[in-house]
Amino acid sequence: MGAENELVELYDGLSVLYSSLPEETELEWKRAVKSVLYDGELLAEEASCYGEQQNKRNHKKRKEYVRRYGDGSRITDFLAITVAEPRPQDRQYVPSGAVIPVAPESGEVLPVHVSTNEVDRAISLLAEFPAEPAADRPGDGVDVLLDPARVRRARENTGQGSGGDAVTVLFVSDTHLGYENRAVTGRGKTVSWISEVSSTEAFTRIVTIAIEQDVEAVIHTGDIVDHEVDQETLDSAAARLELLSKVGIPVYCIIGSHDRDSYAPQHTNSENGIAWLQQQVRKGTLVELSTSPTPVAGGPLDAYGIPAGNTGIDDVAKFKPLGWKPSDIQFGSSSPEPNVLCLHDGVTPYRDRSTADIDLDQLLSRSGVSFDCVLIGDEHRPKDDDFDNGYSFQARDGTPVLYTGPAIRISEPYRDHESFVTELTFAADGVSTTQHSV
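Residues numbered from 1 in each chain as written. Predicted model: local features only at pLDDT ≥ 70, side-chain atom pairs only at ≥ 80, totals over all residues. Heavy atoms only, no water.

- As annotated in an unreviewed UniProt entry, the chain is Exonuclease SbcCD subunit D from Halorubrum glutamatedens.

Shown next as structure tokens:
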């Protein structure tokens, strides 16, 4: 175990905190610290406690680190995390000379004695620590440490919810990984400039944009892969998703019709795209959205999704999509925070009701959820080829409906126009957009 091991230092520092908690401190604060250290009811569903991670992700024993950077019983020289003396009112509970971890975003030392009035603030501070601190071995790609619903409530009660900081995500659609293979496989229509198209370069550029803009998450509204995709393209995309995971930018998605078709490729050099997507979900580099709310990057934004044909990643092998209608959909209960719905089907108001697969007004009126925005995939051109006004609409009830178009130039209107992705900022006064060329 080398220097600057964040995991072992957090484990050691929080262990001092936990052992110092007085009997009269708020019970939920004890549960929160215990959950992070040793597992418990406030740990996020897929997260692992620091104790378990310490055993699995560090090569050597904690005692060797303590011997090198401490006094044999606890660490005294912290290299990877910021620590501080306890608050004056907490010093009576903490061993002499011991220090306590400092929340990385707010810069506040974690409290020891916590009253009922202070517990929301304390939980908000604890939630600032990483779900998978840097260690000798990589983690599973989990990015949420404490139960997202409890953290959201804590932040609301301390003025850190939707009325405070804005939430920024990168809206991406129709990356069609492997599209350029159409020139070889002969499957599917192609643009005359297909030799200029590189889905791998476009995907890499999207990841760069997400990191440079420091977004909190990426949301992909389908057709992640094309119907014929090769292993080299998939390997490159997997590496890019791993990079996003390492820098703490989760990727949420639904699948489109081409994703679904990739389950049964016809060319000898093509791979099962659905199997690859399932693998990414298992690894945690992709999170599939559903009709139940998914907290985006731990909240406050919640995302819902309906895949093309209402057929999810694990359902593709089970049955062919039969189509769906608004009455088939039951959304899970929403929070008071911003909510976004993602779709990949031909819907109004982009299409006329006579040609749309889904009447969005009917879906929204039946949803029981107040959506702040609807994000649409599938369409490969702005409405009426209008690059100024053809990407944003309003449903009948006033809900903003946004497209971002394909992330690669795969339709005639893009002959002389760049493709782009859209940065969305959800704030108290609504949703704002910024386009970034791919």
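So much for the structure itself; the text now carries on.
## Looking at the pattern of salt bridges
Piece 1. Taken as a whole and assessed by the stated rule, the structure comprises 21 salt bridges.
Piece 2. With a closest N to O distance of 3.6 Å, Arg409 and Glu196 form a salt bridge. Residue Arg409 is found in the loop between β14 (400-403) and β15 (420-427), and its partner Glu196 is found in the loop between α7 (182-185) and α8 (199-212); the two are separated by 213 residues along the sequence.
Piece 3. For the salt bridge of Asp378 with Arg351, the shortest nitrogen-to-oxygen distance reads 3.7 Å. Separated by 27 residues along the polypeptide, Asp378 in the loop between β12 (373-376) and β13 (392-394) and Arg351 in the loop between β11 (339-343) and α12 (360-367) bring together distant segments of the chain. (Salt bridge = Lys/Arg side-chain N within 4 Å of Asp/Glu carboxyl O. Helix = DSSP H or I, 4+ residues; strand = E, 2+ residues; numbered from the N terminus.)

## Some points on the sheet that holds β15
Piece 1. Ordered by their spatial adjacency, six strands build an open sheet running β8-β6-β4-β3-β15-β16, and the pairing between neighbours is mixed. Lying at the two open borders of the sheet, with one neighbouring strand each, are β8 (287-288) and β16 (430-437).
Piece 2. In this structure, strand β6 (residues 251-253) lies alongside β8, joined through two bridges in parallel fashion. Within β8, the residue paired with Cys253 across the bridge is Glu288.
Piece 3. Strands β3 (167-172), β4 (217-220), β15 and β16 of the sheet are contacted by α8, whose axis makes an angle of about 170 degrees with β3. (Pairing = 2+ DSSP bridges. Contact = heavy atoms within 4.5 Å. Axes fitted to C-alpha atoms, helices over the stretch in contact; angles between N-to-C directions.)

## Re a nonpolar patch on the surface
Piece 1. Together, Ile211, Leu243 and Val247 line one region of the surface with nonpolar side chains, adding up to about 210 Å² of accessible area.
Piece 2. Residue placement: Val247 occurs in the loop between α9 (231-246) and β6.
Piece 3. According to the relative accessible area criterion, Val247 is partly exposed, its value standing at 44%. (Patch = residues over 30% accessible without salt bridge, like charges linked within 9 Å, V, L, I, M, F, W, Y side chains within 5 Å. Areas by Shrake-Rupley, 256 points an atom, 1.4 Å probe, with all protein chains shown as cover. Buried < 20%, exposed > 50% of the residue type's maximum accessible area, 1.4 Å probe, protein only.)

## Regarding the nonpolar core
Piece 1. Counting 48 residues, the largest nonpolar core has Leu17, Trp29, Tyr50, Leu110, Leu126 and Leu146 as its most contacted members.
Piece 2. Elements with a contribution of two residues or more to this core: α1 (6-20), α2 (27-38), α4 (62-69), α5 (119-126) and α6 (148-157).
Piece 3. For this core, the element with the most residues is α1, which contributes seven residues.
Piece 4. Apart from the residues lying within four places of it in its own chain, the contact partners of Tyr50 are Leu7, Leu10, Tyr11, Leu14, Val36, Leu37, Phe129, Pro130, Ala131, Pro133 and Leu145.
Piece 5. Among the nonpolar cores identified, the runner-up in size contains 30 residues, and Val229, Leu244, Val251 and Ile274 belong to it. (Core = buried A, V, L, I, M, F, W, Y, C linked by side-chain atoms within 4.5 Å.)

## Some details on empty space enclosed by the protein
Piece 1. One pass over the full model with this rule turns up one cavity of 30 Å³ or more.
Piece 2. As for the largest cavity, its lining consists of 13 residues, of which Phe203, Val218, His220, Leu241 and Val251 are closest to the centre.
Piece 3. Looking at the lining of the largest cavity, the elements that each hand over two or more residues are α8, β4 and α9.
Piece 4. If one sorts the elements of the lining of the largest cavity by residue count, α8 sits on top with four residues. (1 Å grid on protein atoms, 1.4 Å probe; cavity = no way out; pocket = protein on both sides within 12 Å on 5 of 7 lines; lining within 4 Å. Points joined across faces, edges and corners; volume = space filled by probe spheres on them.)

## Examining the environment of His344
Piece 1. Mapping His344 onto the fold places it in the loop between β11 and α12.
Piece 2. Note: C-alpha distance between His344 and Val114 (230 residues apart in sequence) is 47 Å.
Piece 3. Setting aside residues no more than four positions away along its own chain, His344 makes contact with Asp174, Thr221, Gly222, Asp223, Ile254, Ile255, Gly256, Ser257, Ile306, Ala308, Gly377 and Asp378.
Piece 4. Among the polar contacts made by the side chain of His344, one reaches the main-chain carbonyl oxygen of Thr221 at a distance of 2.7 Å.
Piece 5. Reaching out from His344, the side chain makes a polar contact with the side chain of Asp378 at a distance of 3.4 Å. (Polar contact = N/O pair within 3.5 Å; in protein donor to acceptor, adjacent residues only side chain to side chain.)

## Topic: the layout of surface pockets
Piece 1. Approximately 760 Å³ is the volume found for the second largest pocket.
Piece 2. Lining the second largest pocket are 31 residues; nearest its centre among them are Glu45, Glu46, Val287, Thr294 and Pro295.
Piece 3. Listed by contribution, the elements that provide at least two residues to the lining of the second largest pocket are α6, α11 (273-283), β8 and β9 (294-295).
Piece 4. A class-by-class count of the residues in the lining of the second largest pocket yields 13 nonpolar, eight polar and ten charged. (Nonpolar A, V, L, I, M, F, W, Y, C, P; charged D, E, K, R; others polar.)

## Here we look at the pairing of β16
Piece 1. Direction of pairing for β15 relative to β16: antiparallel, over a ladder of eight bridges. Each residue of the ladder has a partner; that of Phe420, found in β16, is Ser437.
Piece 2. The hairpin turn running from β15 into β16, its antiparallel successor, is two residues long.

## Regarding the state of the cysteines
Piece 1. Summed over all chains, the structure comprises zero disulfides.
Piece 2. As a non-bridged cysteine, Cys342 has Cys373 as the owner of its nearest cysteine sulfur, 8.5 Å distant. (Disulfide = S-S within 2.5 Å.)

## Examining the packing of α2 against α5
Piece 1. The contact between α2 and α5 brings their axes to 10 Å, and the two run at 10 degrees. Here α2 is positioned roughly parallel relative to α5, judged by the angle of their axes. Facing α2, whose interface residues are Glu28, Trp29, Ala32, Val33 and Val36, α5 presents Val119, Ala122, Ile123 and Leu126. (Parallel < 35°, antiparallel > 145°, perpendicular 65-115°, else oblique.)

## Observations concerning the side chain of Thr185
Piece 1. Mapped onto the secondary structure, Thr185 falls in helix α7.
Piece 2. There is a polar contact of 3.2 Å between the side chain of Thr185 and the backbone nitrogen of Arg187.

## Here's the deal with the sheet that holds β14
Across a sheet, strands are paired by hydrogen bonds formed along the backbone, either parallel or antiparallel in direction.
Piece 1. Spatial strand order, β9-β10-β11-β12-β14-β13: six strands in an open sheet with mixed pairing. Looking at the sheet topology across the chains shown, the edges are occupied by β9 and β13.
Piece 2. Two elements, β13 and β14, share three bridges in a ladder whose sense is antiparallel. Bridge pairing links Phe393 to Val401 in β14.
Piece 3. Running over the sheet, α12 touches β10 (302-306), β11, β12 and β14 and is turned about 140 degrees from β11.

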